[in-house]
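Take a look at the letters that make up each chain.
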Amino acid sequence: MDSVQLRKMWKEFWESKDHQMSTPASLIVNNADDPTTMFNTAGMQPLVPYLMGKDHPTGSKRVYNIQWCVRTVDIDEVGDIHHLTYFEMMGNRSLGDYFKQESINWSWEFLTDVLQLDPAMMCATIFAWDDDAPLDTEARDIWLCYLPEHRITPLDKTENRRGPAWSTGPCGPDSEIFYRVGTGTPPTDSHPGNDEHNWLEIWNNVFMWYYKDDSGKIAEMEKKNVDTGMWFERILMVIKGQQLKKEWKIDAIGWSMSVYDVDIFQSLFDALSIHTFQSYTETTSESSDLNNKVLPSFRIVADHLKTSLMLINEWLSPSNEGRGYVLRRIIRRGYYHLKKISLDNVDRSDQHLLHSKITDICNGLQVFYSSLAPSFDQDIKTLIGEMSQFESALQRWGNKIDEILSKHSGKIFSWVDAFLLYDTFGVPVELTQEIVAAQWLSVDMAWYQAALNTAKETSRAGAGDKFAIGINRADHIEWLPETKFIWYEQLECSESKVLKDFEVWWSRYLVFDCTPFYAEWWGQKGDSGSVELDWWDVVQVIDVMKYGGVFLHRVGN
């Protein structure tokens, strides 16, 4: 079964149960609705008003969809068999209509009758008693129609209660369905609470009949709702894995399969193999070395490229703040791992060639995600532009971090060095943490954060020359000649040469030998405009400032 067939089966099943299709919401959360989150991280987020009683646009109390989601809380786990930053959540919802009986019955019907999953490899969890609610005996009794008692496990509210999506709102106990990805038939004493790595959560039925208010009090709502979520990529993995277990007689899905081994990732992996895998295998003879060191990076690159394009496609641009910062971090982390698995056959100084190869790697995504097609070329330019900017930073700091690590002793990586890498070279502290973790080191984050807060306060307090406060930016423009200012003669210049391209505080700055851009001075704002650096690389100058006689052009989107 492939992704197209699964989407079709999902649609046909729920429409046979009198559900109406609900249009998926944007990945970008409307902060007028939810000021606390940046992205839709679950299928229920866009539906909170309807769970609260507002009439759904379809006019139905039964709806279903496949919601696009971005979740970065587990980004460090991406690269294993089932974690993703961009994923799709299949869900059916009852808005004050049916409740536990129908929800569990239909979940089981879809999994076992439609998808033909093996019931012997499945188990369920239910909500255990706490101060807010009793043990969910109703859900347990329903499950006993399908599962033996030892495969129905009560777990506490940290595992089996969901919501609210915001600080207040609908919430409730849930019942989760798991599939065995470990070796053999499940032992009677094995369950997700004590044997988590052998079980994969595939579906979550949330019974939304409580409301949490501003004081933290939880009370029953007038209407009982159902919100469910099934991971699209995970269920494809399980279906394919079950088939392979029968054909190849393998012991465990989790040893031979991952969410990256399904059709929606195949084109990415094929292209990555062409451009990176061959150059790596020429230098290693150990297959285990390939699996241990290269496969996680392959998966991270595939996931991060896909997530980045999905966010850029929603008009998000890499930047220094908020959502743009998250996107920048994802792109840069993906590019770092792309370098780890090697693009040795690409001369990174040849931007045209780099652009061509990244485009080739990402091209296949358009087959599965038609929304990418209209703006794909421009989205790729944005992606490559951020990668190129980061490559410039990598060239500056690569030797520096090696130098720091060679002199390092102990288990803690100095916050001073982490701050230097961030402020002077534009290296995300999260990436520094990842790099030094390979040397069994951890960054002193408490002192790092204190230094960052102090620097930001200093910067906010500054006036006049914005570059003379905080970090010494003179290091970047030392020995550069004064910029020739030609604004009085002409407003365009086709012969300017880039003398310096650097980053400070996550902002990119360009220095030219001559410029028509007026620099901020005595309260008058600097000019803005566009600069074509290459045939494909057009950047926007959003501000210009002067440090001594050198004009610094700040680049943004």
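Structure first, text after, so check above.
Structure report, in brief. All of these numbers come straight from a predicted model, not from anything done at the bench. Per chain, residue numbering runs from 1 following the sequence as it is written. In keeping with the model being predicted, local features are shown solely for residues with a pLDDT of at least 70 and side-chain atom pairs are shown and tallied solely at 80 or more, while totals for entire chains, interfaces and linings include all residues. Values shown for side chains rest on all heavy atoms present in the structure; no hydrogens or waters enter the calculation.

A word on the packing of aromatic side chains
Right, so step 1: Stacked, tilted and edge-to-face are the three classes applied to pairs of Phe, Tyr and Trp rings, where Trp contributes its six-membered ring and a pair requires centres within 6.5 Å; stacked means planes under 30 degrees apart, edge-to-face means over 60, and tilted covers the rest. Evaluation of the coordinates by the stated rule reveals 23 aromatic pairs.
Right, so step 2: With a centroid separation of 5.9 Å and an interplanar angle of 80°, the aromatic rings of tryptophan 108 and tryptophan 143 are classed as edge-to-face. One end of the pair, tryptophan 108, is in helix H3 (residues 100–114); the other, tryptophan 143, is in helix H4 (residues 137–143), with 35 residues separating them in the sequence. The pair tryptophan 108 / tryptophan 143 is uniform in exposure class, with both members buried.
Right, so step 3: If you follow lysine 306 out to its NZ or CZ, it ends over the ring of phenylalanine 265, 4.3 Å from the centre. For helices the rule is a DSSP run of H or I covering at least 4 residues; for strands it is a run of E covering at least 2, with both sets numbered from the N terminus onward. Classification of residues uses two cut-offs on accessible area relative to the type maximum, computed with a 1.4 Å probe and protein chains only: under 20% is buried, over 50% is exposed, and between them is partly exposed. Definition used: whenever NZ (Lys) or CZ (Arg) falls within 6 Å of the ring centre and also within 35 degrees of the ring normal, the charge is taken to sit over that ring.

Here's the deal with the pattern of salt bridges
Right, so step 1: Salt bridge criterion: a side-chain nitrogen from Lys or Arg within 4 Å of a carboxyl oxygen from Asp or Glu. Per the counting criterion, the structure on display carries 15 salt bridges.
Right, so step 2: Of the charged contacts in the structure, one is a salt bridge between glutamate 434 and arginine 333, with a shortest N-O distance of 2.6 Å. One end of the pair, glutamate 434, is in helix H15 (residues 429–437); the other, arginine 333, is in helix H10 (residues 322–340), and 101 residues separate them in sequence.
Right, so step 3: According to the relative accessible area criterion, glutamate 434 is partly exposed, its value standing at 21%.
Right, so step 4: Connected through salt bridges with shared partners, the residues Lys100, Asp136 and Glu138 form a single ionic network.

Regarding the state of the cysteines
Defined simply, a disulfide is a covalent bond joining two cysteines at their sulfur atoms.
Right, so step 1: Note on disulfides: each one is a pair of cysteine sulfur atoms within 2.5 Å. According to the stated counting rule, one finds 0 disulfides in the structure shown.
Right, so step 2: In this structure cysteine 514 is not part of a disulfide, and its nearest cysteine sulfur, from cysteine 493, lies 3.5 Å away.

Describing helix H6 (residues 232–248)
Right, so step 1: The span you would expect from a helix comes to 1.5 Å times its residue count less one. For H6, which comprises 17 residues, the first-to-last C-alpha distance of 24 Å matches the rise-based estimate of 24 Å (1.5 Å per residue) to within 8%.
Right, so step 2: Most of H6 sits out of view: 12 of its 17 residues are buried.
Right, so step 3: Those residues of H6 lying buried are Phe232, Glu233, Arg234, Ile235, Leu236, Met237, Val238, Ile239, Gly241, Gln242, Leu244 and Lys245.
Right, so step 4: Among the residues trailing H6, lysine 249 stands out with phi positive, at a value near 55°.

Geometric values such as these leave the question of function open.
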